Amino acid sequence: MNPVIQDVIRNSESRYLNEEEKRQVLAFTNSLAQRFKISSLVEQKEDAVVKAVIDQMKRMYPNFDRYHPQAWERAYRDIQLVLRYTVQAMVWNDLMMHEEKVLIWLGTILASFGFTPKFVRDTYILLKEEVSKNIPADGYALLEPFLQKTIEVMGSIPEPAVALV
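Below you will find a few notes about this structure. Quick caveat, the model's predicted, so the values are computed rather than measured.

## Some words on the overall build of the chain
- A tally of regular secondary structure across the chain gives 7 helices and 0 strands.
- Beginning at the N terminus, the succession of helices and strands in the chain can be written as α-α-α-α-α-α-α.
- Classification of the 165 residues of the chain by burial places 45% in the buried group.
- Accessible area for the chain stands at about 9,200 Å²; split by element, carbon and sulfur atoms hold 55% of it.
- For the chain, the distance from the average site of its 20 positive side-chain charges to the average site of its 22 negative ones is 3 Å.

Next up, the structure:
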């Protein structure tokens, strides 16, 4: 849930909302319809976006599937999962949500399999680029901070002793 709204709920227990709290709640709820619209649009474009990322990654890292069984199928699944959590975080306007729910967990797994920070960063930079090509500018503006957070968190995994990408 949106952390501002959570704070308003928590801090207003047993009293009426003050004007500032009402303004904060309305600011969030008034943008919710647009956020849901963007969510639906990303859902419609998801397969094309993720496939485009995978196709570009295959050109950039042609040996990737030699190191990992079902490499590209799993990469598709991981990118799809991250995109879905990114969109969900955008809907709730909670920048920490997807970091806490998926990015740290997935980053740890990828690091344990010998993925390099560059490989992971490249993946999510491409995801950001593909989303920007497929979503109108106003919707992309809502998604961009969440996509950027994804790049920052996922691209900061530790460098492996032996790179397997």
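## Notes on the packing of aromatic side chains
- Within this structure, the stated rule accounts for 7 aromatic pairs.
- When the centroid spacing of 6.4 Å and the interplanar angle of 90° are considered together, the rings of Phe36 and Trp92 count as edge-to-face. Taken as a pair, Phe36 in helix α2 (residues 19–60) and Trp92 in helix α4 (residues 71–92) lie far apart in primary sequence, 56 residues in all.
- You can call Phe36 partly exposed: its relative accessible area is 41%.
- For Trp92, a relative accessible area of 30% puts it in the partly exposed group.
- By the ring-pair criterion, three or more aromatic residues cluster together here, those being Tyr61, Phe64, Trp72, Phe115 and Phe119.

## Quick word on the pattern of salt bridges
- Applying the stated rule across the entire model yields 11 salt bridges.
- Among the ionic pairs, Arg77 bridges to Asp78, the shortest N-O distance being 3.1 Å.
- Under the relative-accessibility criterion, Asp78 is labelled buried at 11%.

## Here's the deal with helix α7 (residues 137–154)
- The end-to-end C-alpha distance of α7 is 24 Å, a good match for the 26 Å that 18 residues give at a rise of 1.5 Å each.
- Along α7, the sharpest change in direction is near 40° and occurs at Leu143; proline Pro145 comes one to four residues later.
- Turning to α7, its buried residues number three or more, namely Gly139, Tyr140, Leu142, Leu143, Phe146, Leu147, Lys149, Thr150, Ile151, Val153 and Met154.
- The inward-facing, buried residues of α7 contact α2, α4, α5 (97–112) and α6 (117–134).

Definitions and cut-offs
- Residues numbered from 1 in each chain as written.
- Predicted model: local features only at pLDDT ≥ 70, side-chain atom pairs only at ≥ 80, totals over all residues.
- Heavy atoms only, no water.
- Helix = DSSP H or I, 4+ residues; strand = E, 2+ residues; numbered from the N terminus.
- Buried < 20%, exposed > 50% of the residue type's maximum accessible area, 1.4 Å probe, protein only.
- Areas by Shrake-Rupley, 256 points an atom, 1.4 Å probe, with all protein chains shown as cover.
- Lys, Arg positive; Asp, Glu negative; His and termini not counted.
- Charge placed at Lys NZ, Arg CZ, Asp CG, Glu CD.
- Phe/Tyr/Trp six-rings, centres within 6.5 Å; stacked < 30°, edge-to-face > 60°.
- Salt bridge = Lys/Arg side-chain N within 4 Å of Asp/Glu carboxyl O.
- Expected span 1.5 Å × (residues − 1).
- Bend = angle between axes of the 7 residues up to and from the residue.
- Contact = heavy atoms within 4.5 Å.

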